[in-house]
Amino acid sequence: ETGVTQTPRHLVMGMTNKKSLKCEQHLGHNAMYWYKQSAKKPLELMFVYSLEERVENNSVPSRFSPECPNSSHLFLHLHTLQPEDSALYLCASSQDKSDTQYFGPGTRLTVL
Amino acid sequence: EDQVTQSPEALRLQEGESSSLNCSYTVSGLRGLFWYRQDPGKGPEFLFTLYSAGEEKEKERLKATLTKKESFLHITAPKPEDSATYLCAVRLRNQFYFGTGTSLTVIP
């Protein structure tokens, strides 16, 4: 595998389910990101991990919970989501927080 | 408030018809401007980074330029495979701000 990979690519879940999105980067980078992409809106930064420090967007609901066990792996744990959370969730990585970000293919999430 | 604006929102070109996409930003202290290409259902693919006014970068039929308040992505003699959404992002301090993109369709 090369670059940034994400699994699953597609996910359909009910509002009471719990699921997790996984991201893995093979670039030797030190920073990883979760973004939400909704139609006609700019990419919304949700969380940043850099050298074990977490920075988050304060507007992200607590039903989204990130986990970064090491510099190559990033998870987004989902629980009791709402239909408006349906979107493309993108993972990205960069050498450091100020560097060019490289994106994975995304997970298309649908909440019923 | 920091803002990144891309125009036009959508652009249809005939194959071979050159044009430009615009990305403007309304803040000072730019630390980098990034262009990405995004195909439907996929993640953004990195194209260019520009750091200072007057800088230019090229890749195949694409050329990106930067002034103090805006960047242009010039597409020369586009082909149907250039059809995609083109996103720009600016880095200010340690924050990245993305535009909403320009959806480009190149008609054979």
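A quick note: this is a predicted structure, and the numbers were derived from the prediction, not measured.

Participant: Would you mind going over the overall build of chain A with me for this structure?
Facilitator: Within chain A, the secondary structure is distributed over zero helices and eleven strands. What you see in chain A, going N to C, is helices and strands ordered as β-β-β-β-β-β-β-β-β-β-β. For chain A, the C-alpha atoms occupy an extent of roughly 35 × 30 × 30 Å along the three principal directions. Out of the 112 residues in chain A, the part that is buried amounts to 44%. Summed over all atoms, the accessible surface of chain A reaches about 5500 Å², with 49% contributed by carbon and sulfur. If you average the places of the 11 positive and of the 11 negative side-chain charges in chain A, the two averages end up 10 Å apart.

Participant: Just to check I follow, could you spell out the overall build of chain B for this structure?
Facilitator: Scanning chain B for helices and strands turns up zero helices and eleven strands. Helices and strands in chain B line up, N terminus first, as β-β-β-β-β-β-β-β-β-β-β. Taken against the 2.2 N^0.38 rule, which gives 13 Å for 108 residues, the C-alpha radius of gyration of chain B at 13 Å falls within 12% of a compact globule. Dimensions along the principal axes, computed over C-alpha positions, put chain B at roughly 40 × 30 × 20 Å. For chain B, with 108 residues in total, the buried portion stands at 44%.

Participant: I keep staring at the nonpolar core and nothing clicks. Help me out?
Facilitator: For soluble globular proteins, the rule of thumb is that nonpolar side chains tend to be buried together. Residues Leu33, Trp35, Leu73 and Tyr86 of chain B are the most contacted members of the largest nonpolar core, which totals 25 residues. Only β2 (10–14), β3 (19–25), β4 (30–38), β5 (45–50), β7 (62–66), β8 (70–75), β9 (84–92) and β11 (102–107) of chain B provide two or more residues apiece to this core. The leading source of residues in this core is β9 of chain B, at five residues. Counting 21 residues, the second-largest nonpolar core is a separate cluster that includes Met13, Met46, Phe47 and Cys91 of chain A.

Participant: Looking at this structure, I do not really get the state of the cysteines. What am I missing?
Facilitator: Cysteine pairs can be linked by a disulfide, which is a covalent bond between their two sulfur atoms. Within this structure, the stated rule accounts for two disulfides over all chains. Across the disulfide from Cys23 of chain A sits Cys91 of chain A; the S-S distance is 1.9 Å. A torsion of -70 degrees about the S-S bond marks the disulfide between Cys23 of chain A and Cys91 of chain A as left-handed. Of the two residues, Cys23 of chain A is situated in strand β3 (residues 18–25) and Cys91 of chain A in strand β9 (residues 87–94); the sequence distance between them amounts to 68 residues. One disulfide bridge connects Cys23 of chain B with Cys88 of chain B, the sulfur atoms lying 1.8 Å from each other. Judged by the sign of its S-S torsion, about 60 degrees, the cystine formed by Cys23 of chain B and Cys88 of chain B is right-handed. Here Cys23 of chain B, found in strand β3, pairs with Cys88 of chain B, found in strand β9; they are 65 residues apart in sequence, far enough to count as distant. For Cys23 of chain B, a relative accessible area of 0% translates into the label buried. Judged by relative accessible area, Cys88 of chain B falls into the buried class, the value being 0%. We note that Cys68 of chain A lacks a disulfide partner, and the nearest cysteine sulfur, in Cys91 of chain A, lies 9.0 Å from it.

Participant: I keep staring at the pairing of β9 of chain A and nothing clicks. Help me out?
Facilitator: Remember that side chains alternate between the two faces of the sheet whenever the strand is regular. Residue and element names in this part refer to chain A. Taken across its eight residues, β9 has eight buried, putting it largely inside the fold. Where β9 and strand β11 (residues 107–111) come together, three bridges link them in antiparallel fashion. Residue pairing for β11: Ala87 is matched across the bridge by Leu109. Across two bridges, the pairing between β9 and strand β10 (residues 102–103) is antiparallel. Across the sheet, the residue bridging to Ser93 is Tyr102, located in β10.

Participant: So what exactly am I meant to see when it comes to the sheet that holds β3 of chain A here?
Facilitator: Strands in a sheet are paired, the pairing made by backbone hydrogen bonds, and the direction either parallel or antiparallel. Residue and element names in this part refer to chain A. A sheet is described by the order of its strands in space; here four strands give the open sequence β1-β3-β8-β7, paired in antiparallel fashion. Two strands in the sheet have a free side with no partner beyond their single neighbour: β1 (4–7) and β7 (64–70). Strand-to-strand twist in this sheet, taken as the mean axis angle between neighbours without regard to direction, amounts to 20 degrees. Strand direction decides the pairing type here: β3 and strand β8 (residues 73–79), joined by seven bridges, are antiparallel. Counterpart to Lys22 in the pairing with β8 is Phe75.

Conventions used here
- Residues numbered from 1 in each chain as written.
- Chains lettered and ligands numbered in written order.
- Predicted model: local features only at pLDDT ≥ 70, side-chain atom pairs only at ≥ 80, totals over all residues.
- Heavy atoms only, no water.
- Helix = DSSP H or I, 4+ residues; strand = E, 2+ residues; numbered from the N terminus.
- Buried < 20%, exposed > 50% of the residue type's maximum accessible area, 1.4 Å probe, protein only.
- Areas by Shrake-Rupley, 256 points an atom, 1.4 Å probe, with all protein chains shown as cover.
- Lys, Arg positive; Asp, Glu negative; His and termini not counted.
- Charge placed at Lys NZ, Arg CZ, Asp CG, Glu CD.
- Rg over C-alpha atoms; globule rule 2.2 N^0.38 Å.
- Core = buried A, V, L, I, M, F, W, Y, C linked by side-chain atoms within 4.5 Å.
- Disulfide = S-S within 2.5 Å.
- Pairing = 2+ DSSP bridges.
- Axes fitted to C-alpha atoms, helices over the stretch in contact; angles between N-to-C directions.

Such coordinate-based values are descriptive only and should not be taken to indicate function.
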